[in-house]
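Notes for the structure review
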Amino acid sequence: MERLGIGLIGTGFMGKCHALAYRAVKAVFPEVPTPRLELLCDVPEPTRQADAFGFQRTTADWRDLLADDRVDLVSITTPNHLHHEMAVAALEAGKHVYLEKPMALTLAQAEQMAEVARTARGRTIVGYNYICNPLVRKARELFENGAIGRPIYFRGVVDEDYQADPDLPWSWRSTRAAAGLGALGDLGCHLVSIACEFLGPIDSLIAQQATVHETRPYGDAGERRPVENEDIAAALVRFRNGVQGNLSTSRSAWGRKNYLTWELHGDRGMIAFDQERMNELRLYQSGDDSATNGFRRILAGPEHTPYGAFVPAPGHGLGFNDLKTIELGGFLTAVAGDARPYPSFDDALHFERVVHAIAEAAEKGERITIQAP
């Protein structure tokens with residue numbers, strides 16, 4: 001498989017991110033199939049973006065994109081409420097599907113998507129690019145090699161402030177019909193993916209949530225519309241291996257921009273990470289001399305694969321878009337080798353079950369057990 005025809009639906013923040021990854025991936029991972037940027041789709045028809053994104057043709061109808069024989073792989077970067085219909089249709093059309101999170105508005109939709117993917121010809125992946133960070137991979141290697149001993153606790157927070165301003169206008173992100181969950185679906189699922197990367201599936205949880213700004217301004221006539229989903233949420237979780245954890249998320253945390261921070265505690269040390277300082281990892285290992293115990297700062301460099309595929313010098317750093325390129329490189333490698341990428345729709349379904357369980361537990365005020373993967 002030397003070339004793959006690419007169709008991209010959506011030209012916003014994540015659409016541009018996918019386009020950048022498609023244009024960079026061959027330079028970073030020369031062994032992957034060459035993406036042939038065939039068809040770009042948005043409404044209105046994205047003729048202006050096509051040249052900037054590098055696509056040969058455009059359309060305003062995503063169904064035309066799926067029907068095009070020159071498109072082998074489809075990226076879906078649209079608002080959340082469109083994910084389910086588009087992804088199912090793409091799989092039924094025999095395409096590989098690269099979908100941004102969350103999978104869908106409801107858990108039932110996500111379950112159907114995973115079911116369709118199990119028998120589809122095309123491969124699937126959901127965009128959890130933070131787990132592709134070379135330092136996150138190094139952290140997992142350290143953990144699996146016993147650097148911090150037996151795991152005893154996971155603590156994680158993912159906060160941003162894009163909804164902190166009470167005067168921010170009402171948008172589709174405030175509605176169940178267009179966005180589904182709020183902070184949980186947009187941010188919390190990333191934290192869940194990290195937690196499961198180290199400790200495996202989550203078995204059960206108790207939770208609480210709140211809508212900080214219950215209405216937002218709409219239009220110029222003083223109208224305010226209700227916010228239907230959560231701004232903040234937190235859960236006490238128990239992993240299937242018996243380890244406990246604490247997960248918290250907010251989209252109304254002033255000063256936080258991409259504060260995906262987590263700590264993995266062991267009986268002999270701790271690994272700590274902050275996405276706002278994504279090229280640094282902190283490792284604490286207990287020792288006999290308490291006067292010299294302390295955190296070790298590990299700076300990203302070429303020895304942390306695949307950092308060196310981007311830049312040969314340590315300390316220069318990778319960025320958010322580079323993580324997307326790594327994610328895409330893994331997907332293209334899996335597609336070319338007829339392997340299962342990670343996280344596939346089946347894998348990401350567990351993340352969906354967890355965030356929806358947090359919402360359910362908060363609403364019911366009781367512990368919720370999560371269906372096994």
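Description of the structure in this document. (Residues numbered from 1 in each chain as written. Predicted model: local features only at pLDDT ≥ 70, side-chain atom pairs only at ≥ 80, totals over all residues. Heavy atoms only, no water.)

1. Here we look at the packing of helix 6 (residues 134-144) against helix 7 (residues 183-199)
In the contact formed by helix 6 and helix 7, the axes pass within 10 Å of each other and the chain directions differ by 30°. Relative to helix 7, helix 6 is oriented roughly parallel. Where helix 6 crosses over helix 7, the handedness of that crossing is right-handed. Where helix 6 abuts helix 7, its residues Val136, Ala139, Arg140 and Phe143 lie against Ile194, Glu197, Phe198 and Leu199. Classifying every residue of the contact of helix 6 with helix 7 gives six nonpolar, no polar and two charged. (Axes fitted to C-alpha atoms, helices over the stretch in contact; angles between N-to-C directions. Helix = DSSP H or I, 4+ residues; strand = E, 2+ residues; numbered from the N terminus. Parallel < 35°, antiparallel > 145°, perpendicular 65-115°, else oblique. Left-handed = near helix turned anticlockwise from the far one by under 90°. Contact = heavy atoms within 4.5 Å. Nonpolar A, V, L, I, M, F, W, Y, C, P; charged D, E, K, R; others polar.)

2. Quick notes on the sheet that holds strand 1 (residues 3-9)
If you trace the six strands from one edge of the open sheet to the other, you get 3-2-1-4-5-6, paired in parallel fashion. At either end of the open sheet lies a strand with only one pairing partner, and these are strand 3 (57-59) and strand 6 (124-127). Each strand axis lies, on average, 25° off the axis of its neighbour in the sheet, ignoring direction. By the bridge criterion, three bridges tie strand 2 (residues 34-41) to strand 3 in an arrangement that is parallel. Bridge pairing in strand 3 links Leu40 to Thr58. Where helix 1 (residues 13-28) meets the sheet, it contacts strand 1, strand 2, strand 4 (73-76) and strand 5 (96-100), and its direction lies at approximately 155° from that of strand 2. (Pairing = 2+ DSSP bridges.)

3. Notes on the sheet that holds strand 11 (residues 232-239)
With respect to topology, nine strands assemble into an open sheet ordered 16-15-14-13-7-12-11-8-17, the strand pairing being mixed. Looking at strand neighbours, the two that pair on one side only are strand 16 (295-299) and strand 17 (368-369), the edges of this open sheet. One ladder, built from five bridges, connects strand 15 (residues 280-285) with strand 16; its direction is antiparallel. By the bridge assignment for strand 16, Tyr284 is matched with Phe295. The strands that helix 6 touches are strand 7 (151-159), strand 13 (259-266), strand 14 (269-274), strand 15 and strand 16; relative to strand 15, the one it contacts most, it runs at about 15°.

4. Brief notes about the nonpolar core
Formed by 106 residues in total, the largest nonpolar core has its most connected members in Phe154, Ile194, Phe198, Trp262, Ile271 and Phe345. When neighbours within four sequence positions are excluded, Phe345 is seen to be in contact with Ala87, Leu91, Val97, Leu99, Met103, Met113, Ala114, Ala117, Thr124, Ile125 and Val126. (Core = buried A, V, L, I, M, F, W, Y, C linked by side-chain atoms within 4.5 Å. Buried < 20%, exposed > 50% of the residue type's maximum accessible area, 1.4 Å probe, protein only.)

5. Here's the deal with the side chain of Thr59
When you line up the elements, Thr59 lands in strand 3. Owing to a relative accessible area of 10%, Thr59 belongs among the buried residues under this scheme. Once residues within four sequence positions are removed from consideration, Thr59 is found in contact with Leu39, Leu40, Cys41, Asp42, Glu45, Pro46, Asp64 and Leu65.

6. Observations concerning the packing of helix 4 (residues 83-92) against helix 5 (residues 107-119)
Contact pair helix 4 / helix 5: the axes reach a minimum separation of 10 Å and the direction vectors enclose 10°. In this view, helix 4 runs roughly parallel relative to helix 5, as classed from their interaxial angle. When helix 4 is examined against helix 5, the residues His83, His84, Ala87, Val88 and Leu91 are found in contact with a partner set consisting of Gln109, Gln112, Met113, Val116 and Ala117. Of the residues assigned to the contact of helix 4 with helix 5, the class counts are six nonpolar, four polar and no charged.

7. Details of the pattern of salt bridges
Considering all chains together, one arrives at 25 salt bridges under this definition. When the shortest N-O distance is used, the salt bridge between Asp346 and Arg118 registers 2.8 Å. Taken together, the positions of Asp346 in helix 10 (residues 345-364) and Arg118 in helix 5 put the pair 228 residues apart, joining distant regions of the chain. Accessibility expressed as a relative area gives 28% for Asp346, which makes it partly exposed. Given a relative accessible area of 49%, Arg118 falls into the partly exposed group. Between Glu280 and Arg297 there is a salt bridge whose closest N-O contact spans 3.4 Å. Within this pair, whereas Glu280 is found in strand 15, its partner Arg297 is found in strand 16, the two being separated by 17 residues in sequence. Judged by its relative accessible area of 52%, Arg297 is exposed. Residues joined by salt bridges that share partners form a network here, namely Arg36, Glu38, Arg57, Asp68 and Arg70. (Salt bridge = Lys/Arg side-chain N within 4 Å of Asp/Glu carboxyl O.)

8. Notes on the packing of aromatic side chains
One pass over the full model with this rule turns up 11 aromatic pairs. Relative to Tyr218, the ring of Trp170 lies with its centre 5.5 Å away and its plane at 85°, an arrangement referred to as edge-to-face. A residue pair is termed long-range when its members are at least 10 positions apart, and Trp170 in the loop between strand 7 and helix 7 and Tyr218 in strand 9 (residues 215-218) qualify at 48 residues. Following the ring pairs from residue to residue traces out a cluster consisting of Phe143, Phe154, Phe198, Trp262 and Phe273. Between the NZ or CZ atom of Arg225 and the centre of the ring of Trp170, over which it lies, the distance is 5.0 Å. The positively charged end of Arg282 is found above the aromatic ring belonging to Phe295, 4.9 Å away from the centroid. (Phe/Tyr/Trp six-rings, centres within 6.5 Å; stacked < 30°, edge-to-face > 60°. Lys NZ or Arg CZ within 6 Å of the ring centre and 35° of its normal.)

9. Section: the pairing of strand 9
Judged from the four bridges that link them, strand 9 and strand 10 (residues 223-226) form a sheet pairing that is antiparallel. For Thr215, the partnering residue across the bridge sits in strand 10 and is Pro226. Where strand 9 folds back onto strand 10 in an antiparallel hairpin, the turn is made up of four residues, including Gly219, whose phi is positive at roughly 75°.

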